[in-house]
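Each chain, letter by letter, is given below.
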There are 2 protein chains.
Amino acid sequence: MKLADMSKQEQSSMYEELKQSYARFQARSLKLNMSRGKPSADQLALSQRLLDPLDNYRAEDGTDTLNYGLLEGIPEARRLFGELMDMPPEQIIVGGNSSLSLMYDAISRLFCFGFNGHTPWGRLDKVKFLCPSPGYDRHFTICEVFGIKMIPIAMGEDGPYMEEIENLVAKDASIKGIWCVPQYSNPDGITYSSQTVRRLGALQAAAPDFRIFWDNAYCVHHLNMSDHDAVDNIYTACREAGQEDLPYIFSSFSKISFPHGAISAMAASPANIAHTKKYLNAQTISYDKINQLRHARYFKNKAGVLAHMAKHAEILAPKFSMVLDLLEAELTPLGIGCWTQPKGGYFVSVFLPKGCAKRTVQLCKQAGVELTGAGAPYPYGNDPQDSNIRIAPSFPPLEELKQAMEIFCLCAKMAAIEALEAI
Amino acid sequence: MKLADMSKQEQSSMYEELKQSYARFQARSLKLNMSRGKPSADQLALSQRLLDPLDNYRAEDGTDTLNYGLLEGIPEARRLFGELMDMPPEQIIVGGNSSLSLMYDAISRLFCFGFNGHTPWGRLDKVKFLCPSPGYDRHFTICEVFGIKMIPIAMGEDGPYMEEIENLVAKDASIKGIWCVPQYSNPDGITYSSQTVRRLGALQAAAPDFRIFWDNAYCVHHLNMSDHDAVDNIYTACREAGQEDLPYIFSSFSKISFPHGAISAMAASPANIAHTKKYLNAQTISYDKINQLRHARYFKNKAGVLAHMAKHAEILAPKFSMVLDLLEAELTPLGIGCWTQPKGGYFVSVFLPKGCAKRTVQLCKQAGVELTGAGAPYPYGNDPQDSNIRIAPSFPPLEELKQAMEIFCLCAKMAAIEALEAI
């Protein structure tokens, strides 16, 4: 029976039962964590051999990776990212251990120096970004520190709502950018449709230096290698619309090999790459080329990466299944909440009844289960419905994950009943 | 006989002889490079074992270095830098592969966000830096891209001329910083005296957010381990003067293990570290902790680093000796030029007669010897005397270095005679 169809009496007696189970969990002093999209120990073990010494440390063009030089990265790493990102290697800069840094730095350059004669963003009264939400909290943190005003955009099955985006950017020149995680979006697991990508590429922005921040963090992070999503190439879409300077495209091996022990990359138009290199040249002499060479030699090409991702999928898929099965078994009969069924990425995004997210996170915490803070996936941490919770199933071992999810479902039910009574 | 004491006739016939030798060198189509402070292949080989896999990848506090986390670095790496920099580990942030990036980022944060309520530098009409010159060209490049006006300060045997610095910073609140390479300065090899450090620490700057950028790049880079310089602790000097927020202190393993395949660090007051972490947290989740662990395990402590630096010294000392011997043998009798006799670092700084630097670099280039561009060690590339040339003896093998220095001396003589005739 749906919770909403129950009598107050039935709800109340169910709540009492739930409270007793909750007390039993609390008594066990558990410490379980589903808060961050961290790979598990057995996922990390998949890349252990990457840390073996190499026969030699010369890149294929003869560059000694142990010494200075090659700001844009070694050729074989640029080629590898070129395959993954479907971009010409000469339009790729291979970075250090963090694609987030590449994004922050890209914004910092536009903020300090501007793009080729445009006013630096730091000299403008107002700079705004469109933020499809729920989204990646660390994108929003970058906006916050730079004082960039965030405008939330709702997400649908095809990606963010394009009509709203088109209207906003057309009339407001202070809107300078949009954050996109186009494949297996964080946290919803949504992949932008072809039409969404085409419309983004064709955006008629009032700001001449408008930029699409295309964080393709999960481009090969499928849960099933034979049934997966694929997102269209945003650079192609932009170029076809005659505005190839729109996108900055980011990728990373953080969730392929080692989180922040890996390599990252940025791809963009020739003009954007030239602009980036001009200032990057003041920031560093080169990124860590030894680690670039390790990755290029270990993975070789896209096929090598996909074979490796299949092993990640073997570990991750059962965890996602368990999360979804438990949600289905526990919450669906009561008619509380809905969630995404992602084919890849790192998260399950759960929407509880209005006003239940914070309370559920709090109840979980008091029973020893750490979740991402409610609201974190929204600009300024403000989920207007107080409904969304991001579940990260990857890190805990399967047995711990099961326990954590049982507690999560229990807490969600308690919060849902509390919310009804409050009405 | 000194060149200046020769008759025009003698100068002219000497020039003809030099020209013939020069033509013979040109005919050999040499390719020799003394342009950058790069370690040689045999120096890099000293650290080869650093690239071996580790028994395990847990930091001493249990952190899995293969996964996310620890923005400020792993404890053992902070302790190692603490010993090298003579600073408390908790006041150290261990960075990525580039201390230059740490400096750029520090300036970028002050430019974008300002320090704790002070106006961000990017919002000011004018920002100026004092630049002891000759200095490190890449410091000056950072100033150039941020539009920071550079004021050259002459160097003496004790470091930069303090009286000029004291006068300037006291009366001009737009002077926001000073670049210092306090030990074995790039390129002069000068180590700041205790009095210089004390006066820097006690600077009464009109700007409340004035900063000393203390790039101690060569803190253990001695040429003779038993007869070396040491610079006083700038943090102590500042704290004793009641202004501990003045210095940002930088260090790096780039010329200990692998150039830009190593780790770096920044040390500062608790307030500066807190300010840095606040914004760094938006820029990245963590630096590459695997490489931090490799370095901490390999070098262990300062004694381990010094033992390693003794091996570098064995390779470098004969190169520096050869450079100095050749300069002495070839240029001293003619009375052209003077140069520093550094006890460490990576450079010999040669001052030729006025107006001879560019011409010498040009002549060298045409004979196949690459030098740092004349003027590069000065703000805006402008050496007012056109006199200074930075020689980097580290990279070429000894035999090549000898040849390159012979050509250098030859070209310097030619340029000196040309300059006399032009008078």
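Note: the structure precedes this text.
For clarity, every value in this text was computed on a predicted model and none was experimentally measured.

## Some remarks on the overall build of chain A
Right, on to step 1. Along its length, chain A carries 13 helices and 13 strands.
Right, on to step 2. For chain A, whose C-alpha radius of gyration is 23 Å, the value lies close to the compact-globule estimate of 22 Å for 423 residues.
Right, on to step 3. Taken along its principal axes, the extent of the C-alpha atoms in chain A is 75 × 55 × 35 Å.
Right, on to step 4. Taking all 423 residues of chain A together, the buried fraction comes to 62%.
Right, on to step 5. Of the roughly 15700 Å² of accessible surface on chain A, 49% is carried by carbon and sulfur atoms.
Right, on to step 6. Here chain A holds 42 positive side-chain charges and 47 negative ones, and the gap between their average locations is 5 Å.

## Description of the packing of helix α4 (residues 99–112) of chain B against helix α9 (residues 270–283) of chain B
Residues and elements named next belong to chain B.
Right, on to step 1. At a minimum axis separation of 11 Å, α4 and α9 run at an interaxial angle of 100°. By the criterion of interaxial angle, the relationship of α4 to α9 is roughly perpendicular. Here α4 contributes D105, R109 and L110 to the contact with α9, which in turn contributes H275, T276, Y279, L280 and Q283.
Right, on to step 2. Split into classes, the residues belonging to the contact of α4 with α9 amount to 3 nonpolar, 3 polar and 2 charged.

## What to know about empty space enclosed by the protein
If a probe the size of a water molecule is rolled over the atoms, the empty space left behind becomes visible.
Right, on to step 1. The final tally for this structure, using the stated rule, is 10 cavities of 30 Å³ or more.
Right, on to step 2. Of the volumes computed, that of the largest cavity is approximately 410 Å³.
Right, on to step 3. Lining the largest cavity we find 31 residues, and of these A:N97, A:Y287, B:G96, B:N97 and B:Y287 sit closest to its centre.
Right, on to step 4. Where the lining of the largest cavity is concerned, the elements lending two or more residues are α4 (99–112) and α9 (270–283) of chain A together with α4 and α9 of chain B.
Right, on to step 5. Here the lining of the largest cavity is composed, by residue class, of 10 nonpolar, 17 polar and 4 charged.
Right, on to step 6. Taken together, 16 residues line the second largest cavity, and the ones lying closest to its centre are A:Y68, B:S99, B:Y136, B:A217 and B:K255.
Right, on to step 7. Broken down by element, the residue count for the lining of the second largest cavity peaks at 3 residues, all from α4(B).

## Here we look at the interface of chain A and chain B
Right, on to step 1. Contacts between chain A and chain B engage 53 residues on the former and 53 residues on the latter.
Right, on to step 2. Carbon and sulfur atoms supply 54% of the area that chain A and chain B bury against each other, a total of about 4500 Å² over both sides.
Right, on to step 3. Inspection of the chain A/chain B interface yields 0 salt bridges.
Right, on to step 4. One can count 19 residue pairs in polar contact (both at pLDDT 80 or more) joining chain A with chain B.
Right, on to step 5. Secondary-structure elements contributing two or more residues to the side of chain A that touches chain B are α4, α5 (137–145), α9 and α10 (289–299) of chain A.
Right, on to step 6. With 8 residues, the top contributor of residues to the side of chain A that touches chain B is α4(A).
Right, on to step 7. Partitioned by chemical class, the residues of the side of chain A that touches chain B number 25 nonpolar, 17 polar and 11 charged.

## Notes on the sheet that holds strand β4 (residues 149–156) of chain A
Sheet strands pair via backbone hydrogen bonds, and the direction of the pair is either parallel or antiparallel.
Residue and element names in this part refer to chain A.
Right, on to step 1. With mixed pairing, the 8 strands of this open sheet are ordered in space as β2-β9-β8-β7-β6-β3-β4-β5. With one partner strand each, in any of the chains shown, β2 (92–94) and β5 (159–160) form the two edges of the open sheet.
Right, on to step 2. Packing against the sheet, helix α3 (residues 75–85) makes contact with β2, β8 (247–252) and β9 (264–267), and its axis sits at approximately 120° to β2.
Right, on to step 3. Running over the sheet, helix α6 (residues 162–171) touches β3 (128–133), β4, β5 and β6 (175–180) and is turned about 155° from β4.

## A word on the layout of surface pockets
Right, on to step 1. Approximately 480 Å³ is the volume attributed to the largest pocket.
Right, on to step 2. A:Y136, A:R138, A:K255, B:Y68 and B:I285 are the residues nearest the centre of the largest pocket, which is lined by 27 residues in total.
Right, on to step 3. Mapped by element, the contributors of at least two residues to the lining of the largest pocket are α4 and β8 of chain A.
Right, on to step 4. Split by residue class, the lining of the largest pocket holds 11 nonpolar, 10 polar and 6 charged.

## Concerning α9(B)
An α-helical segment advances 3.6 residues per turn. Residues three or four places apart therefore align on the same side.
Right, on to step 1. The end-to-end C-alpha distance of α9(B), which contains 14 residues, comes to 20 Å, matching closely the 20 Å that a straight helix rising 1.5 Å per residue would cover.
Right, on to step 2. Those residues of α9(B) lying buried are B:N272, B:I273, B:H275, B:T276, B:Y279, B:L280, B:A282 and B:Q283.

## A closer look at the packing of aromatic side chains
Right, on to step 1. With the rule as written, the count across this model stands at 30 aromatic pairs over all chains.
Right, on to step 2. One cation-aromatic arrangement involves A:R211 over A:F115; the distance from NZ or CZ to the ring centre is 4.5 Å.

## Describing the side chain of B:S286
Right, on to step 1. Position of B:S286 among the secondary structure elements: in the loop between α9 and α10 (289–299).
Right, on to step 2. In this view, B:S286 contacts A:N97, A:H260, B:G69, B:L70 and B:L71; residues no more than four positions away in its chain are not counted.

## Let's talk about the sheet that holds strand β13 (residues 388–391) of chain A
All names here are of chain A.
Right, on to step 1. Strand order across the open sheet formed by 3 strands is β10-β11-β13, with antiparallel pairing between neighbours. Of all the strands in the sheet, just β10 (338–339) and β13 have a single pairing partner and so form its edges.
Right, on to step 2. In terms of strand pairing, β10 meets strand β11 (residues 348–351) through 2 bridges, oriented antiparallel. Paired with W339 across the two strands is V350, which belongs to β11.

## Comments concerning the relation of the copies chain A and chain B
Right, on to step 1. Between chain A and chain B, which share one sequence, the superposing operator has a rotation angle of 180° and an axial displacement of 0.0 Å; the RMSD is 0.0 Å. The relationship between the two copies is best expressed as a two-fold rotation axis.
Right, on to step 2. Here 100% of the contact residues of chain A are again contact residues in chain B; the copies associate through an equivalent surface.

Quick notes on the rules
- Residues numbered from 1 in each chain as written.
- Chains lettered and ligands numbered in written order.
- Predicted model: local features only at pLDDT ≥ 70, side-chain atom pairs only at ≥ 80, totals over all residues.
- Heavy atoms only, no water.
- Helix = DSSP H or I, 4+ residues; strand = E, 2+ residues; numbered from the N terminus.
- Rg over C-alpha atoms; globule rule 2.2 N^0.38 Å.
- Buried < 20%, exposed > 50% of the residue type's maximum accessible area, 1.4 Å probe, protein only.
- Areas by Shrake-Rupley, 256 points an atom, 1.4 Å probe, with all protein chains shown as cover.
- Lys, Arg positive; Asp, Glu negative; His and termini not counted.
- Charge placed at Lys NZ, Arg CZ, Asp CG, Glu CD.
- Axes fitted to C-alpha atoms, helices over the stretch in contact; angles between N-to-C directions.
- Parallel < 35°, antiparallel > 145°, perpendicular 65-115°, else oblique.
- Contact = heavy atoms within 4.5 Å.
- Nonpolar A, V, L, I, M, F, W, Y, C, P; charged D, E, K, R; others polar.
- 1 Å grid on protein atoms, 1.4 Å probe; cavity = no way out; pocket = protein on both sides within 12 Å on 5 of 7 lines; lining within 4 Å.
- Points joined across faces, edges and corners; volume = space filled by probe spheres on them.
- Buried area = accessible area lost by both parts, 1.4 Å probe.
- Salt bridge = Lys/Arg side-chain N within 4 Å of Asp/Glu carboxyl O.
- Polar contact = N/O pair within 3.5 Å; in protein donor to acceptor, adjacent residues only side chain to side chain.
- Pairing = 2+ DSSP bridges.
- Expected span 1.5 Å × (residues − 1).
- Phe/Tyr/Trp six-rings, centres within 6.5 Å; stacked < 30°, edge-to-face > 60°.
- Lys NZ or Arg CZ within 6 Å of the ring centre and 35° of its normal.
- Least-squares fit on C-alpha atoms with pLDDT ≥ 70 in both.

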